[in-house]
Amino acid sequence: MSAQAVATEPESDIVIDVEGLTKSFGGPPVVKNLTMQVHKGLIYGFLGPNGSGKTTTLRMLCGLLTPDSGRGTCLGYDIRTQTADIKRHVGYMTQRFSLYQDLSIRENLEFVARIYNLDHPRQAAQDAIVRLGLENRADQLAGDLSGGWKQRLALGACILPQPELLLLDEPTAGVDPKARRDFWDEIHKLAHEGLTVLVSTHYMDEAERCHEITYIAYGEILAHGSVAQVVADAHLSTYTVTGPDLSDLAEYLKTLDGVDMVAPFGVELHVSGRDGAKLDTATATLRAEGPQVWTQGEPTLEDVFIDLMSKTKDNYA
Ligand SMILES: Nc1ncnc2c1ncn2[C@@H]1O[C@H](COP(=O)(O)OP(=O)(O)OP(=O)(O)O)[C@@H](O)[C@H]1O
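The structure presented is a predicted model; accordingly, all values stated were derived computationally and were not measured.

As for the pairing of strand 10 (residues 220–225)
- Here strand 9 (residues 212–217) pairs with strand 10 via 5 bridges, running antiparallel. Within strand 10, the position partnered with Tyr215 by the bridge is Ala223.
- Remark: 2 residues form the turn of the hairpin made by strand 9 and strand 10, two consecutive strands paired antiparallel; Tyr218 in that turn has positive phi of roughly 50 degrees.

Next comes the structure, spelled out in C-alpha cells:
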C-alpha cells in the first residue's frame, strides 16, 4: 500500500472533518468558508433554496470536487490528496436515475456488483434484492418500474459495495409519500448499522427524519443542529390563524412592522415574528376583535425555513 493510501486513524467517531471549504465556478463563491464535522452513523441533512450550494458541498466533502481553498478529511482520508481512497468507501445516489432501463433489477444489481469486483456478484445482488424487498420484481425491467421502486433499486446499487458513507442528493424527488417513508425506514436501518448518510433535500418530512440538519443559503450555513435545536435557535413566535378571508388578512399582515413571516398551511395561516413582543403589539387588535381565531403555537421547521429564506432574500436582494 502506498503512503498516500494510508488513512489517518480517526481519533473519534468523526467521519467528516472539514475547515474553511470555499468553491467558485468562475463567478462569486458557491460555497463560502464551510467548516463542519459529521459523526459516524448519523443521518445529516442539507437544506436550502435551489442553487444554494448543497450538491457542491456534498461533492467536496467526499473528494468528488476539489475546493479552491480549505482542507479536511473524509473517513480519515485527505479530501484533496486521497480522493481515490475516499471514493472506494462512498456510495453516491445522484438526482438522476443512472441504471440501465433495459436490464432487469437483478441484472442491474449483478452488473454493479461486477463493476465493483465483488467476490460473489450473484449472491450480492440477491442479498440486496431481499434486503430491499424487491423479490417479486427482480426480473422486471428497470425502465418499467415506478419512481418509488426505481429509487429503491438505485439505493440497492449504492449499498452493494457496503460503503461507509452514503450521499443522497434529493433522493425522493417525485416519489409518493408511502415510498418515501419506506425509503427512510431503510436509511434509518442502515444508519443504525453504522453507515453515515449525507442527504440533500427540499422536503420538511425528510429533514425531520435527519439526526442533524444544516440550512445553507448562498453557500453559507445559516442554521445547524437537531431539528429541535434549529427551531429553538430561530427564536420565532408563531400564531396559527383560522377563519374567513385568510388571503386578504395575509396580505395585510405582511405590511405590519413586527410580522416577519406569513404563510398559508392548508386552511390555516402561520404568522411569525422574530420579536415576540413586537408581534403581539402588531396583531393585538386583530387577535382581540377577529373575525379570525388566533392561537399561539410552536413554530414548525417549515416556519423556520421560510423565515430563513426570507431573511436571506432581504440580505441578498
Ligand atoms: N460544474 C459547475 N459549473 C458551473 N456552475 C456550477 C457547477 N456546479 C454548480 N454550479 C452552480 O453553483 C450553484 C450551486 O449549485 P448546487 O448544485 O451546489 O446547488 P444546490 O443547492 O444543490 O441546488 P438545487 O437545490 O437546485 O439542487 C448554482 O448556481 C449552480 O448553477
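A short note on unusual backbone geometry
- Even without being glycine, Asn33 reaches a positive phi, approximately 50 degrees.
- Judged by local crowding, Asn33 falls into the partly exposed class, with 14 C-beta atoms found within 10 Å.

What about the packing of helix 5 (residues 147–159) against helix 6 (residues 177–192)?
- Running from amino to carboxyl end, helix 5 crosses helix 6 at an angle of 15 degrees, the nearest separation of the two axes being 9 Å. Judged by the inter-axis angle, helix 5 sits roughly parallel to helix 6. In this structure, the crossing between helix 5 and helix 6 has a hand that is right-handed. Between helix 5 and helix 6, the contacting residues are Gly148, Gln151, Arg152, Leu155 and Ile159 on the first element and Ala179, Phe183, Glu186 and Leu190 on the second.
- For the contact of helix 5 with helix 6, the per-class residue count stands at 5 nonpolar, 2 polar and 2 charged.

Quick word on helix 5
- When the terminal C-alpha atoms of helix 5 are compared, their 19 Å separation across 13 residues agrees well with the 18 Å that a helix rising 1.5 Å per residue should span.
- For helix 5, every residue scored as buried is listed here: Lys150, Gln151, Arg152, Leu153, Ala154, Leu155, Gly156, Ala157 and Cys158.
- Residues of helix 5 that are buried sit in contact with strand 6 (90–93), helix 3 (105–115), helix 4 (121–131), strand 7 (165–169) and helix 6.

Overview of the environment of Asp139
- Its location among the elements puts Asp139 in the loop between helix 4 and helix 5.
- Sequence separation between Asp139 and Ser104 is 35 residues; the distance between their C-alpha atoms is 5.1 Å.
- Each residue touching Asp139, except ones within four places of it in the same chain, is listed here: Ser104 and Arg106.

Remarks on the site of the ligand
- All residues adjacent to the ligand are Phe25, Val30, Gly48, Asn50, Gly51, Ser52, Gly53, Lys54, Thr55, Thr56 and Ser200.
- When residues in the shell around the ligand are grouped by element, the largest group, 3 residues, is from helix 1 (residues 54–61).
- For the shell around the ligand, the residue count by class is 2 nonpolar, 8 polar and 1 charged.

What about the sheet that holds strand 11 (residues 237–242)?
- As summarised here, the arrangement of the 4 strands in space is 12-13-11-14, forming an open sheet in which the pairing is antiparallel. Every interior strand has two partners, whereas the edge strands, strand 12 (261–265) and strand 14 (293–297), have only one. On average, each strand axis in the sheet is tilted by 25 degrees relative to the strand beside it, whichever way the strands run.
- Sheet analysis places strand 11 next to strand 13 (residues 268–273), joined by 5 bridges and oriented antiparallel.

Details of helix 1
- With 6 of 8 residues buried, helix 1 lies mostly within the body of the structure.
- When we look at burial in helix 1, the residues that qualify are Lys54, Thr56, Thr57, Leu58, Met60 and Leu61.
- Looking one or two residues beyond helix 1, the residue adopting positive phi is Gly63, at roughly 80 degrees.

Focus on the nonpolar core
- Core analysis: the largest hydrophobic core is formed by 67 residues, its most contacted members being Leu167, Val197, Leu198 and Tyr215.
- Leave out the neighbours within four places in its chain, and Val197 touches Ile43, Tyr44, Leu166, Leu168, Ile187, Leu190 and Ala191.

Considering the domain arrangement of the protein chain
- Its domain assignment divides the protein chain into domain 1 (3–89 + 163–228) and domain 2 (235–298).
- When each unit is reduced to the centre of its C-alpha atoms, the spacing between domain 1 and domain 2 is 36 Å.

With respect to the confidence of the model for the protein chain
- For the protein chain, the mean per-residue pLDDT works out to 86, and 93% of the residues sit at or above 70.
- Mean pLDDT values for the elements of the protein chain range from 72 in helix 11 (residues 301–316) up to 94 in strand 5 (residues 77–78).
- Here residues 1–6 scores under 50 on pLDDT; set against residues more than four positions off or in separate chains, the count is 4 contacts.
- Interface confidence for the predicted complex, given as ipTM, is 0.96, next to a pTM of 0.84.

Calculation rules
- Residues numbered from 1 in each chain as written.
- Predicted model: local features only at pLDDT ≥ 70, side-chain atom pairs only at ≥ 80, totals over all residues.
- Pairing = 2+ DSSP bridges.
- Helix = DSSP H or I, 4+ residues; strand = E, 2+ residues; numbered from the N terminus.
- Buried ≥ 20, exposed ≤ 12 C-beta atoms within 10 Å, placed from the backbone.
- Axes fitted to C-alpha atoms, helices over the stretch in contact; angles between N-to-C directions.
- Parallel < 35°, antiparallel > 145°, perpendicular 65-115°, else oblique.
- Left-handed = near helix turned anticlockwise from the far one by under 90°.
- Contact = placed C-beta atoms within 7 Å.
- Nonpolar A, V, L, I, M, F, W, Y, C, P; charged D, E, K, R; others polar.
- Expected span 1.5 Å × (residues − 1).
- Near = placed C-beta within 6 Å.
- Core = buried A, V, L, I, M, F, W, Y, C linked by C-beta atoms within 7 Å.
- Domains from an automatic or database assignment.
- pLDDT = per-residue confidence, 0-100.

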